[in-house]
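# Structural overview
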Amino acid sequence: MSWLFGYKSQVPPQGGGDGGPEPPGPPPSSAGSAGQVAGDANLTKAERKAMEAYRFDSSALERAAEAARTLERSKHAREALELSKLQENTRQQEYMAKVKEYEAHIESSKVEQKRVDHEERRKTLAEETKQQQQRAQYQDQLARKRYEEQLAQQQRVQEENLRKQEESVAKQEAMRRKTIEHEMELREKNKMKLLEAELRAKAKVDRENRDLTLEQIRLKAEENRITVMEGIKTAGSVLGQGATALLTDWNKVVTTVGGLSLLALGVYTAKGATGVTARYVEARIGKPSLVNETSRFSLLEALKHPIDTVKRLKHKPTEALQGVVLQPKLEERLRDIAIATKNTKNNKGLYRNILMHGPPGTGKTMFAKRLATHSGMDYAIMTGGDVGPMGRDAVTAIHKVFDWANTSRRGLLLFIDEADAFLRKRSSEQISEDMRSALNAFLYRTGEQNPRFMLVLASNTPEQFDYAINDRLDEMVEFTLPGIEERERLIRLYFDKFVLQPAAEGKKRFKVEQWDYSAVCSKMAKMCEGMSGREISKLGVSWQAACYASEEGILTEQMVLDRCEAAARQHRQKMAWLSEQEKLDHKSITGGKGFLTQ
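As the structure is a computational prediction, the values presented were derived from the model and not from experiment.

### Some remarks on the overall build of the chain
- Looking only at helices and strands, the chain features 19 helices and eight strands.
- Across the 598 residues of the chain, 27% fall into the buried class.
- Across the chain, the fraction of contacts at a sequence separation of at least 24, relative to all contacts at a separation of at least 6, is 80%.
- Entry remark: accessible area of the chain is about 41000 Å², with carbon and sulfur atoms responsible for 55%.

If you want it as structure tokens, here you go:
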């Protein structure tokens, strides 16, 4: 009911104890109004707006008093008053809400102002920091430039000093050389003068003693002549008397001729018997010079190595692929070859010739030994590189090897490692006549399959073989580098052999820390990509060396990984050293999964 009081805007109630409006005060005087107007001029806009709510005209009081009397006379006066109170309370609450909203707006404005101030301060600090960094960089550049100039100046000074020193040393060396040359020249002149003096003195003495020297020479010559003549006369008389006695006595002539004939016959008989005996002894007791290693029993080897001979005799035949790691398809093929070879030996059939080719260190030699042992045969190992240096004797040596192989009762597996060294192509390569003769002798002895020996060739470059050699091969098996699964099995095998077993035996200075061996072996299998089995076996030996080299003799996980990384790095370096021709020759050096190990 603000219309009753003439309010211009909503104002908070100023009631008494019952909530009704208080009676209005006396109207302000004109002097007070003038002072108030003067005071309003000093207020801010917000304060003036807030004061507008409390201003009202005095005529509204009269209307309010008239309305109050009318309302008192009405029978609904009490209800109207209550309704008016309620309305005023509602308006007061709405006003208070707006006041709170206004205060909140003021607070948010303050917060925003603080945020803006903080942002400005942050930007200012960032700009100052940037300026300081630029200043520091500039100062650093200046200092670095000064330092470089100082270094350049020092280098120039050092170069100048070095040049002066070199010049001084060169001058001293030249003076020393001149001094030495002068001394040598003086020494040579003194020697020549001394020699001339000695020659003059000797010539003078010879001239003075010339007659005496000639007389001595004449006497010695006369004595020698007389001695020689006497000796000739004596020998002639003795030989003449002997020949006369021999020719006049027929029995002595027959005895002399018979003795000389028997002597010649004895000499030639002894020479032939000695050659036959030597060849028999070499075939039965010894071994040819080309054979480097053999399991065949010989008396000489038994006398040299009795313990090894006893162990070899007690050794039982084992499975050909026992303890090996290889790709399944290659394992199946090699097992078929081992079974066929063993049955051929038992049934006294004809052996088949085999070529094993692939990168070095993939187990070709070891499988040949295992194959011979599994089949109950002897094995002999020779190297193709030993044939070339023999020259003309190579043909004889090759015939001796095959003659010796034919005398084996158990059957012999002849393994020729690096066979391409002397079995190269005759048409496309320049080979010596000695090598050509050796190749022809080898082809002659291997023209047909033999029930006494089995030929196994090994090579890293089989494409270099002569065509006639390829014609004599019945099986060709490629040994390639191990894959990741085979490498992991190899690493586990060698880790157990070179690390775990020595540690379990309790050897001095060999202990192993506790760590996850399985995970480390899997990790190292990935690190050893491209490595052969021989390189992995050397890695196992390097683990032992690392343990022995440590202060406490304890092998740690980091030591194992470091040695593996070093081996992988060395393998990559070796591969980088290969020439283009070697890379073409070893085409299988980066692929494959098949592999053998012990």
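Read on for the rest.
### Digging into the sheet that holds strand 3 (residues 378-383)
- Read across the sheet, six strands follow the order 1-3-4-5-2-6 without closing on themselves; strand pairing throughout is mixed. A strand with exactly one partner marks an edge of an open sheet, and here the two such strands are strand 1 (291-294) and strand 6 (475-478). Neighbouring strand axes in the sheet, compared pairwise and without regard to direction, differ in orientation by 20° on average.
- In the sheet, strand 3 pairs with strand 4 (residues 412-417) via six bridges, with the strands oriented parallel. Bridge assignment links isoleucine 381 to a residue of strand 4, and that residue is phenylalanine 415.
- This element, helix 10 (residues 328-346), spans strand 2 (354-357), strand 5 (453-459) and strand 6 of the sheet and lies at about 145° to strand 6.

### With respect to the side chain of glutamate 535
- Looking at where glutamate 535 falls in the secondary structure, it is placed in helix 17 (residues 533-549).
- For the buried glutamate 535, no salt bridge exists, and the shortest N-O distance to an oppositely charged side chain is 4.1 Å, to lysine 574.
- Here the side chain of glutamate 535 touches histidine 571 through a polar contact of 3.2 Å, side chain to side chain.

### A closer look at a nonpolar patch on the surface
- A contiguous nonpolar surface patch, about 280 Å² in accessible area, is contributed by Met192, Leu195 and Leu199.
- Summarising the element assignment, leucine 199 is placed in helix 5 (residues 77-208).
- When its relative accessible area of 52% is taken as the criterion, leucine 199 is described as exposed.

### Some points on the packing of aromatic side chains
- All chains considered together, the criterion is met by nine aromatic pairs.
- Where tryptophan 515 meets tyrosine 517, the ring centres are 4.7 Å apart and the plane angle is 80°; that geometry is what we call edge-to-face.
- A residue is classified by how much of its surface remains accessible, and tryptophan 515, at 11% relative accessible area, is buried.
- What makes tyrosine 517 partly exposed here is its relative accessible area of 22%.
- Of the aromatic side chains, those joined through ring pairs into one cluster are Phe402, Phe422, Phe442 and Phe453.

### Some thoughts on unusual backbone geometry
- The phi angle at lysine 348 is positive, at roughly 55°, despite the residue not being glycine.
- Within the secondary structure, lysine 348 is located in the loop between helix 10 and strand 2.
- When its relative accessible area of 74% is taken as the criterion, lysine 348 is described as exposed.

### Comments concerning the pattern of salt bridges
- This structure, assessed with the given rule, holds 20 salt bridges.
- Between glutamate 173 and arginine 176 there is a salt bridge; the shortest N-O distance is 2.4 Å. A residue pair is termed a helical-turn pair when its members lie 3 or 4 positions apart in one helix, as glutamate 173 and arginine 176 do in helix 5 at three residues.
- Ionic pairing is found between arginine 352 and glutamate 475, a salt bridge with its closest N-O pair at 3.0 Å. Of this pair, arginine 352 sits in the loop between helix 10 and strand 2 while glutamate 475 sits in strand 6; the two residues are 123 residues apart in sequence, bridging distant segments of the chain.
- Several salt bridges share partner residues, and in doing so they unite Glu160, Arg163 and Glu167 into one network.

Basis of the calculations
- Residues numbered from 1 in each chain as written.
- Predicted model: local features only at pLDDT ≥ 70, side-chain atom pairs only at ≥ 80, totals over all residues.
- Heavy atoms only, no water.
- Helix = DSSP H or I, 4+ residues; strand = E, 2+ residues; numbered from the N terminus.
- Buried < 20%, exposed > 50% of the residue type's maximum accessible area, 1.4 Å probe, protein only.
- Contact = heavy atoms within 4.5 Å.
- Areas by Shrake-Rupley, 256 points an atom, 1.4 Å probe, with all protein chains shown as cover.
- Pairing = 2+ DSSP bridges.
- Axes fitted to C-alpha atoms, helices over the stretch in contact; angles between N-to-C directions.
- Lys, Arg positive; Asp, Glu negative; His and termini not counted.
- Salt bridge = Lys/Arg side-chain N within 4 Å of Asp/Glu carboxyl O.
- Polar contact = N/O pair within 3.5 Å; in protein donor to acceptor, adjacent residues only side chain to side chain.
- Patch = residues over 30% accessible without salt bridge, like charges linked within 9 Å, V, L, I, M, F, W, Y side chains within 5 Å.
- Phe/Tyr/Trp six-rings, centres within 6.5 Å; stacked < 30°, edge-to-face > 60°.

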